[in-house]
Amino acid sequence: MTHRDDSHTRAARMARLACRIRACRACALHRTRQHALAGEGSVSARIFLVALGPGAREDREGRMFVGPSGRVLDELLAAAGLERHRVFMSNLVKCRLPGNREPAEREVRTCGRHLAAEFRLVAPRVIVPLGFIATRAVFRMLALPPLTRAAFGGACGRIVSAHERKIVPLRHPSALLHGSRLKSAMLGNYARLVSC
Ligand code: SF4
């Protein structure tokens, strides 16, 4: 099978997975969502971003990072010489969390099956969890040592190796929506993706 055939096959399998995600009712979050968001981007991407869940606008429009955080994400990716279409982006929890609350353990476990399926199809070399909760969950999925909230700041931008992959925790772009105190550190950390 050529690389091109392989990409087409994976794209077709990803499209079927996306249909299953959009129709999913495996946990109670389906009752309050407008859209369940499947991952978006290149199925051949080297880099896979994992955010926490859809924001209000993402839930309304059914697309990843279309709200204010998306504009910040584009700027941060540009610092790494990247554009959205060259990465794959998905959420830990595919349906909106009412009131932006943290997901319950069972919601992460239940929805984690979709994320694990996306990981298998894309087979990225670099996984980039955005924010503490996504990072804690990705570490758990990959059987890495548990991460505390207090240790998260120090873990940002550091490369952790796991199962022939690199894990690079980063702050979520929304951290810059209410002030620019973290901006230069975040630009520097996102720029490290260039060398991964
Ligand atoms: S949050 Fe995940 S598991 Fe729950 S209904 Fe939505 S897609 Fe399904």
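Residues numbered from 1 in each chain as written. Predicted model: local features only at pLDDT ≥ 70, side-chain atom pairs only at ≥ 80, totals over all residues. Heavy atoms only, no water.

Enquirer: Got a minute to help me understand the pairing of strand β2 (residues 47-51) in this structure?
Expert: The two faces of a sheet get side chains in turn, since along a regular strand they alternate between them. Where burial is concerned, most of β2 is hidden: 5 out of the 5 residues are buried. Every second residue of β2 is oriented toward a common face, with I47, L49 and A51 on one face and F48 and V50 on the other, all of them buried. Here β2 pairs with strand β4 (residues 126-129) via 4 bridges, running parallel. Within the sheet, the bridge partner assigned to L49 lies in β4 and is V128. Relative to strand β3 (residues 88-91), β2 is paired through 4 bridges, and the arrangement is parallel. Of the residues in β3, the one forming a bridge with F48 is F88. (Buried < 20%, exposed > 50% of the residue type's maximum accessible area, 1.4 Å probe, protein only. Helix = DSSP H or I, 4+ residues; strand = E, 2+ residues; numbered from the N terminus. Pairing = 2+ DSSP bridges.)

Enquirer: Even after reading the chapter, I still don't get the site of the ligand, so can you show me in this structure?
Expert: Every residue near the ligand is listed here: C24, A26, C27, L29, H30, R33, V93, K94, C95, T110, C111 and H114. Each residue belonging to the shell around the ligand can be placed in one class, and the counts come to 7 nonpolar, 3 polar and 2 charged. (Near = heavy atom within 4 Å. Nonpolar A, V, L, I, M, F, W, Y, C, P; charged D, E, K, R; others polar.)

Enquirer: Please clarify how helix α3 (residues 68-79) should be interpreted in this entry.
Expert: An α-helix turns once per 3.6 residues; consequently, residues spaced three or four apart project the same way. Relative to the 16 Å expected for 12 residues at 1.5 Å per residue, α3 spans 18 Å between its end C-alpha atoms, a close match to the ideal helical length. Where α3 is buried, its residues touch β2, β3 and α7 (183-191). With its phi angle positive at about 70 degrees, G81 sits one or two positions after the end of α3. (Expected span 1.5 Å × (residues − 1). Contact = heavy atoms within 4.5 Å.)

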